[in-house]
Every structure is written in structure tokens, then in C-alpha cells.
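Overview (structure and organization)
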Amino acid sequence: MKIAHFTRIGFILAAAGSAVGLGNIWKFPYMVGDYGGGAFVLIYLLTILFVGFSVLVAEIMVGYVGRSDAVASFQEMAPDKKGNWKYAGFMGLTGLVIMTFYSVVIGWILYYMTQSINFLPETMEVAKEGFGDLVGNQIGTQIVFHFIATLFVMSILLQGIKGGIEKANKVLMPALILIILGLLIYAMQLDGFAKSVEFMFAFDFSKINSEAITQAVGHSFFTLSLGMAAILTYSASLPKHTNIFKTAFYVVILDTVIAMMAGLMMYAFVFEFGQDPSAGPGLVFMSLPTVFSQLGGLGTFFAVLFFLALAFAGMTSAISIVEPTVQYAMDRFKWTRLKATTIASVIFFTVGIFALLSYTADYGKMFTFGGMPLFDILDKLTTNFLLPFGGLVVAVFIGFVVQRERVYAALSDFIGETTFKVWYFSVRFIAVPALIFTLLNLLGIISISKG
Ligand code: PFF
């Protein structure tokens, strides 16, 4: 299948658009709050630096060399083309699982964006009640907004790589960065900003325990869109002779800087107005609107802008989450883009409804398994297991399966021998053991005593 190409800047924006998403602005700040502030941030940063970056280069390489959908790309790069490595490409299906809850959250965001125009809660109690009511009782509203989110994502995907994905990212990414930057500059003038810096960067090692480690590693994969062939699929459309090393570097920097900016901004507001940093997934939906309500008309403006930015961030990631499946179905079954996109969307939309029902008062029990709502199961299954597992597969493939000469050939135009050696070492002997450790840790086989 002939794939339309990105431009170089188009690719960087699309890859960064994939990386920068709800993970940065919705998930990262509340996870920092839930898992002890700076300690979590430190593990997250270390993972990004020593594992995430090297696996990202490896994943881009598979798509760049394979130049096809994920399954065919793994097959193309594998030394034995008839072997089983092609099945690694099915990691792309993880995207359908992620999209079930991702689309529901984009739905919440769209709902809050429209709500904020008329109403912002004045106290935390009112905000809590509002969020609880939406998630716990308003099934119809949630389904409608989940549906609107699905339609938005579909409409971009249907336009394909150049007309849809690249174009959307070129507009939405700069807009998002400007909005977050504007809010951060405002937040820097508040007294809460110093507290926010301290909260995020006071590395308190006593708070590091095995759960925080698993969460931080899982989240670093989630935030870099690793381990499910999203960036790999985009990379198949990279123009030839693109410096994939530098590109990966830009993506990591953009993703990390935006997560830090979002966290600092959010906690400056939270501390300024004496709120609880560990409010969980409701943090952006409860704390921020309350804060914004204290700023009068300006607050309404900020609130709408903020949720708009969040929706942008979610949308540019969502398209990359579904695209691997779409691309595979088009290549493999010769489906049209319309058919592939529609079928994928129907699947995640439908399962997404079950996910949102699992938080409701009326149907929660029906969709709770082993004491955990389906929504959380889907999130934890993907973030803590499937993505690190997919990352491990990529790292083993590039580090130990594909011939070293072939790996070197993909990078030799862009980096020197020494840099290559450092990167190759880190894929083989840092990323692989770290990921095995994380997965074992998750399975409870190795457990660091809680701090
Ligand atoms: N990186 C996205 C975020 O931080 O929200 C989520 C994501 C996108 C995960 C693409 C996985 C993926 F393949």
C-alpha cells in the first residue's frame, strides 16, 4: 500500500501531537498528586531519559525502515521474514483499548468546555458534586459527548495522513502550546507558584515505593505514546533521510516540557486557592473550574480556553491511537479508510459506553470486576501492562533480534559511532532489564517494600 508522506515538521508535530495529550494535562498532574509529588516526577523523568527516549528511537526505526503498517514493518525488519516477529505488530490493537476510556474523557472535556461558558463552581464542594453527578448519574450526557468526541476523531482520521492528521496537528499543536504557556505565565505571578515548584521538584525518596515506580514507568510509556505502534505507524510515512534520532529528541523534549508546564500551572492554582492536590482523575474538572470561578469574567475565558486546549491535546493523541489499527486493516484486508475507521470507532465507542457505565450509580456494579470498575481496568491494563510490554518487545527486537549492522545502518547518517554505542547499550542493557523488572514488579513477583 502506498502511503502518503508527512513533511518533516509535519511529522514532528504529529508525533508530538500524539505524545502530548490527556496524559500530560489530565493524567500527569493528578498522578503526581496521588503518588507523592516530586518522588513520582523523578522516577518519571529518569524513565523518560534512560528508557523512553531509546525505545522511542527504536520504535520510530521499525516504522521508518519497514515503511508499512506495524505488522508488515516488523516482518520487513525481522531477520527471518517467515518467523513470528510480525505478530509483534498487533500491539497496535492496544490503541482500541486505550481509546475506550480516552474518548470518554475527551467527552467530559467537551462537556466542561460548554458548561464553563455559563457556570463555574464557586466552592470545591459544588465542583465535586458537579463532577460526581456527571460521572455517576448523567449517562445520556456522557454518551452524547463521548459520541461527539468519536465523531471528531473519525473526521480527522478519514482525511488520511496529509489532509487530516498533519493538517490538524499543524493547527492544534501550536494553539495548545500557546494556551498552556499563557496560563503558566499567569500562574507564575501567584504565590502558589513557589509551592507548586516545591511540590513537583522536592524529591522525597521516602515516598518511592513499588507502586509509585510501576505507575511512573507505565505513565512515561503512556505519555510518549510508546509500546503500541502509534509513532511506529506514523514513522512509516516519514520522508526518506529524516534524522530519526533528532526527531525523537524533539518529541521527548516537547512532551516533557508540556507535562511540566501543565503540572506547575495546575498546582500553582491549586495551592493558591488552598485545594487538595490529590483529588484524583477529577483534579482538572474540580480544582481548576473552582479556581477559575474566583477570577470573574477572566476566569470564564481561562476555563473555556483551558478545556479547549485539553480537547486539542486529546484529539491529536486520539487519532494516533486509532491509526495503527486503521492502517493495518487497510493494508491487510484492503478496506477503505472509511470502512476501517468506522469499524474501529464503533468498537471503541461501544466498549467506551461500558467503561463510562462502570462509574455510574445505577450500572457500576454490573461493570465492576474484582472490585475494580471497568474504566480503571482498561486504564491500568494498558498503562501498566500492555504499553510497557509492547515497549519491551520493541527493545528486544531492535536490541537483540535485528542484526546490529542493520540497526546501525538506519542511524549511521545521523549520529556518530559513540552516540550509537551509547544508545544501543541503553536499549539492550537499560531498557530491556528495566522493563522486565517493571513487569515482574507489577505481577507482584518482585516487590520493593513500601517506603
Ligand atoms: N501519549 C498520549 C497522552 O499522553 O495522552 C496517549 C497515547 C497516545 C498513548 C498514543 C499511547 C499512544 F499510542
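Residues numbered from 1 in each chain as written. Predicted model: local features only at pLDDT ≥ 70, side-chain atom pairs only at ≥ 80, totals over all residues. Heavy atoms only, no water.

Remarks on the overall build of the protein
- For the protein, the count of helices and strands is 18 helices and 2 strands.
- Compactness check: the protein gives a C-alpha radius of gyration of 21 Å against a globular reference of 22 Å for 451 residues, within 12% of the reference.
- Projected onto the principal axes, the alpha-carbon positions of the protein cover approximately 60 × 50 × 45 Å.
- Taking all 451 residues of the protein together, 61% fall into the buried category.
- Considering only contacts within the protein whose residues lie at least 6 apart along the sequence, 82% involve residues at least 24 apart.
- Roughly 16900 Å² of accessible area belongs to the protein as shown, and the carbon and sulfur atoms make up 67% of that amount.
- Where the 26 positive side-chain charges of the protein centre and where its 25 negative ones centre are 14 Å apart. (Helix = DSSP H or I, 4+ residues; strand = E, 2+ residues; numbered from the N terminus. Rg over C-alpha atoms; globule rule 2.2 N^0.38 Å. Buried < 20%, exposed > 50% of the residue type's maximum accessible area, 1.4 Å probe, protein only. Contact = heavy atoms within 4.5 Å. Areas by Shrake-Rupley, 256 points an atom, 1.4 Å probe, with all protein chains shown as cover. Lys, Arg positive; Asp, Glu negative; His and termini not counted. Charge placed at Lys NZ, Arg CZ, Asp CG, Glu CD.)

Here we look at the site of the ligand
- Around the ligand there are 16 residues in total, and Ala19, Gly23, Tyr102, Phe222 and Met228 lie nearest to it.
- The backbone of Ser18 places a nitrogen or oxygen atom 3.1 Å from a nitrogen atom of the ligand.
- One of the backbone nitrogen or oxygen atoms of Phe222 is found 2.8 Å away from a nitrogen atom of the ligand.
- The protein chains hide 100% of the 340 Å² of surface that the ligand would expose on its own.
- Here the shell around the ligand is composed, by residue class, of 8 nonpolar, 8 polar and no charged. (Near = heavy atom within 4 Å. Polar contact = N/O pair within 3.5 Å; in protein donor to acceptor, adjacent residues only side chain to side chain. Nonpolar A, V, L, I, M, F, W, Y, C, P; charged D, E, K, R; others polar.)

A look at a nonpolar patch on the surface
- A grouping of Val197, Phe201, Phe203 and Phe205 is seen on the molecular surface, where their side chains present a nonpolar patch of about 340 Å² in accessible area.
- Tracing the backbone shows Phe205 in the loop between α9 (192-201) and α10 (210-223). (Patch = residues over 30% accessible without salt bridge, like charges linked within 9 Å, V, L, I, M, F, W, Y side chains within 5 Å. Salt bridge = Lys/Arg side-chain N within 4 Å of Asp/Glu carboxyl O.)

Side note on the side chain of Thr360
- Among the secondary structure elements, Thr360 is positioned in the loop between α15 (337-357) and β1 (368-369).
- Within the structure, Thr360 has its side chain in polar contact with the backbone oxygen of Leu357 (distance 2.6 Å).
- A polar side-chain atom of Thr360 sits 3.3 Å from the main-chain amide nitrogen of Tyr363.

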